[in-house]
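Residue-level structure breakdown
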Amino acid sequence: MARNKSRVVGIDHISLRVSDYEKSKDFYARLFSFLGFELSDDYGTTIGWTNGRTRYWIAEAEGRKIHRIGDVGFHHYAFELRSRKDVDALQAFLEKERVRIVDPAAEYYDDYYAVFFMDPDGLKLEGMKYGELTAIRKRKPLKKKT
């Protein structure tokens, strides 16, 4: 069988539909400013931010305006952060902004540290860091027994 020569090298963007465009635009503008994203394009009814590797777009929903967790479709989107300290900083930012945190910063799996929160439509978002403790352990030289 011939092998496919096409390979995915990353996820370029995600595009979400929101129920209240102005409310979501304000929420994401503050969140992305904190996370180091910049405005990439604003077409009036669609807006996008980028960190140079990933783009995140929102536009007004044209159909149903309610998202229910568990429905077919979007479950959550995870932002990989640089460190556990960044996860803690994100949680502090979210608390200051009065964003609904559904699962506070904690270790949810072995060496997987995350905070889970909701956007204005109840779409679940996550800030996470995986593998930081493992990387630290690998860098530390083992002490020789004498």
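In the block above lies the structure referred to throughout.
Description of the structure in this document. (Residues numbered from 1 in each chain as written. Predicted model: local features only at pLDDT ≥ 70, side-chain atom pairs only at ≥ 80, totals over all residues. Heavy atoms only, no water.)

Here we come to helix 1 (residues 21-35). The terminal C-alpha atoms of helix 1, which comprises 15 residues, lie 20 Å apart, in line with the 21 Å expected from a rise of 1.5 Å per residue. Looking one or two residues beyond helix 1, the residue adopting positive phi is Gly36, at roughly 85°. (Helix = DSSP H or I, 4+ residues; strand = E, 2+ residues; numbered from the N terminus. Expected span 1.5 Å × (residues − 1).)

For Asp119, the position within the fold is in the loop between strand 7 (112-118) and strand 8 (124-130). With no salt bridge to any partner, buried Asp119 finds its closest opposite charge in Arg100, at an N-O distance of 9.1 Å. Separated by 2.7 Å, the side chains of Asp119 and Tyr28 make a polar contact. Reaching out from Asp119, the side chain makes a polar contact with the backbone nitrogen of Asp121 at a distance of 2.8 Å. With residues up to four places along the chain from it excluded, the contact list for Asp119 reads Phe27, Tyr28 and Leu125. (Buried < 20%, exposed > 50% of the residue type's maximum accessible area, 1.4 Å probe, protein only. Lys, Arg positive; Asp, Glu negative; His and termini not counted. Salt bridge = Lys/Arg side-chain N within 4 Å of Asp/Glu carboxyl O. Polar contact = N/O pair within 3.5 Å; in protein donor to acceptor, adjacent residues only side chain to side chain. Contact = heavy atoms within 4.5 Å.)

What follows is about unusual backbone geometry. Look at Arg98: it is not a glycine, yet its phi comes out positive at around 60°. Relative to the helices and strands, Arg98 resides in the loop between helix 2 (84-96) and strand 6 (101-109). Judged by its relative accessible area of 78%, Arg98 falls in the exposed class.

Another aspect to go through is the pattern of salt bridges. Scanning the model with the defined rule gives 13 salt bridges in all. Put simply, Arg84 and Asp111 hold a salt bridge, and the shortest N to O gap is 3.2 Å. Of this pair, Arg84 sits in helix 2 while Asp111 sits in the loop between strand 6 and strand 7, placing them 27 residues apart in sequence. Like Asp111, Arg84 is buried.

Our next topic: the nonpolar core. Counting residues in hydrophobic clusters, the biggest one holds 26 residues, and the most contacted among them are Tyr28, Leu31, Tyr56, Ile58 and Leu125. Those elements that provide at least two residues to this core are strand 1 (13-18), helix 1, strand 3 (46-50), strand 4 (55-60), strand 5 (76-80), helix 2 and strand 7. With 5 residues, the top contributor of residues to this core is helix 1. Excluding its chain neighbours within four sequence positions, the residues that come into contact with Tyr56 are Ile14, Leu16, Tyr28, Phe32, Ile47, Gly48, Trp49, Tyr77, Phe79 and Leu125. (Core = buried A, V, L, I, M, F, W, Y, C linked by side-chain atoms within 4.5 Å.)

Direction vectors running N to C along helix 1 and helix 2 enclose 150°, while the axes themselves pass 11 Å from each other. With respect to helix 2, the element helix 1 is oriented roughly antiparallel. When you trace helix 1 past helix 2, the crossing you get is right-handed. On helix 2, the residues that touch Arg30, Leu31, Phe34 and Leu35 of helix 1 are Ala89, Leu90, Phe93 and Leu94. (Axes fitted to C-alpha atoms, helices over the stretch in contact; angles between N-to-C directions. Parallel < 35°, antiparallel > 145°, perpendicular 65-115°, else oblique. Left-handed = near helix turned anticlockwise from the far one by under 90°.)

The next thing to look at is the sheet that holds strand 4. With mixed pairing, the 4 strands of this open sheet are ordered in space as 1-4-3-2. Either end of the sheet is taken by a strand with one partner, and the two such strands are strand 1 and strand 2 (38-42). Going across the sheet, the axis of each strand differs from the next one's by a mean of 20°, ignoring polarity. Two elements, strand 2 and strand 3, share 4 bridges in a ladder whose sense is antiparallel. (Pairing = 2+ DSSP bridges.)

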